[in-house]
Amino acid sequence: MRQIPVDTAAMTVMLIQAPEPKVKNRETGEVAIDKQSGKTLFNVSVAVIVDGRPDALTIVVSEDGIQPDLFPGAPVALPGLVARPWENDFGHGISYRATAVMAQQVPAAAANGKG
């Protein structure tokens, strides 16, 4: 599958809600598992702001890549973020996956609104 690296340098990324296990089968409640590591996959809802315009995205991250003390509204970093175009009989789109989601250090000037 084709993967496109995503450069987040020009983005502000904030956590919208706590990560939740990704459900593979809604009827059975089966959760999605990473095929390489065997770890549970999580959906991480974030707001991505570029040029003052926000978009909500869901990023898939393996359970071992989630920093445990994150909270909604926290600025986060998404190392290893890639976009994966997909298509099936029901439609097409872009899914996003990152190796981790972790707290992003905000410069002091930006944090107090004087930056």
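Our subject is the structure that appears above.
Residues numbered from 1 in each chain as written. Predicted model: local features only at pLDDT ≥ 70, side-chain atom pairs only at ≥ 80, totals over all residues. Heavy atoms only, no water.

K.L.:
Go over the environment of leucine 70 with me, naming the residues and quoting the values.
P.N.:
Mapped onto the secondary structure, leucine 70 falls in the loop between strand S7 (53-62) and strand S8 (76-77). C-alpha separation for the pair leucine 70 and glycine 29, spaced 41 residues apart in sequence, amounts to 25 Å. (Helix = DSSP H or I, 4+ residues; strand = E, 2+ residues; numbered from the N terminus.)

K.L.:
Describe the side chain of arginine 97, and please don't skip the residues or the numbers.
P.N.:
Structurally, arginine 97 can be placed in strand S10 (residues 91-97). By relative accessible area, arginine 97 is classed as buried at 18%. At a separation of 2.3 Å, a polar atom in the side chain of arginine 97 contacts the side chain of aspartate 34. The residues contacting arginine 97, other than those within four sequence positions of it, are Asp34, Leu41, Ile59, Val60, Gly80, Leu81, Val82 and Arg84. (Buried < 20%, exposed > 50% of the residue type's maximum accessible area, 1.4 Å probe, protein only. Polar contact = N/O pair within 3.5 Å; in protein donor to acceptor, adjacent residues only side chain to side chain. Contact = heavy atoms within 4.5 Å.)

K.L.:
Report on the pattern of salt bridges, specifying residues and quantitative values.
P.N.:
For the structure on display, the rule yields 1 salt bridge. Notably, a salt bridge pairs arginine 97 with aspartate 34, separated by 2.3 Å at the nearest N-O pair. In this pair, arginine 97 sits in strand S10 while aspartate 34 sits in the loop between strand S5 (30-31) and strand S6 (41-50), placing the two residues 63 residues apart along the sequence. (Salt bridge = Lys/Arg side-chain N within 4 Å of Asp/Glu carboxyl O.)

K.L.:
Any chance you could break down the nonpolar core for me, citing the residues and the numbers?
P.N.:
Core analysis: the largest hydrophobic core is formed by 15 residues, its most contacted members being Val44, Val46, Ile59, Val76, Leu78 and Val101. Not counting residues within four places of it along the chain, the set of residues in contact with isoleucine 59 comprises Phe42, Asn43, Val44, Val46, Leu78, Leu81, Tyr96, Arg97 and Ala98. (Core = buried A, V, L, I, M, F, W, Y, C linked by side-chain atoms within 4.5 Å.)

K.L.:
Just give me the short version of the pairing of S7, but keep the residues and values in it.
P.N.:
Residues in a regular strand point their side chains to alternate faces of the sheet. Examined bridge by bridge, S6 and S7 share 10 bridges and lie antiparallel to one another. Paired with valine 48 across the bridge in S7 is aspartate 55. With antiparallel pairing between neighbouring strands as the criterion, S6 and S7 make up a hairpin whose turn holds 2 residues, including aspartate 51 at a positive phi of roughly 55°. (Pairing = 2+ DSSP bridges.)

K.L.:
I'd love a proper account of unusual backbone geometry, names of residues and values included.
P.N.:
For aspartate 51, which is not a glycine, the phi torsion comes out positive at approximately 55°. For aspartate 51, the location among the structural elements is in the loop between S6 and S7.

K.L.:
Help me get a handle on the pairing of S10, residues and values and all.
P.N.:
Pairing geometry for S7 and S10, over 2 bridges, is parallel. Bridging from a neighbouring strand, valine 60 pairs with arginine 97 of S10. Pairing of strand S9 (residues 82-88) with S10, which is carried by 7 bridges, proceeds in the antiparallel orientation. Bridging across to S10, valine 82 finds its partner in arginine 97.

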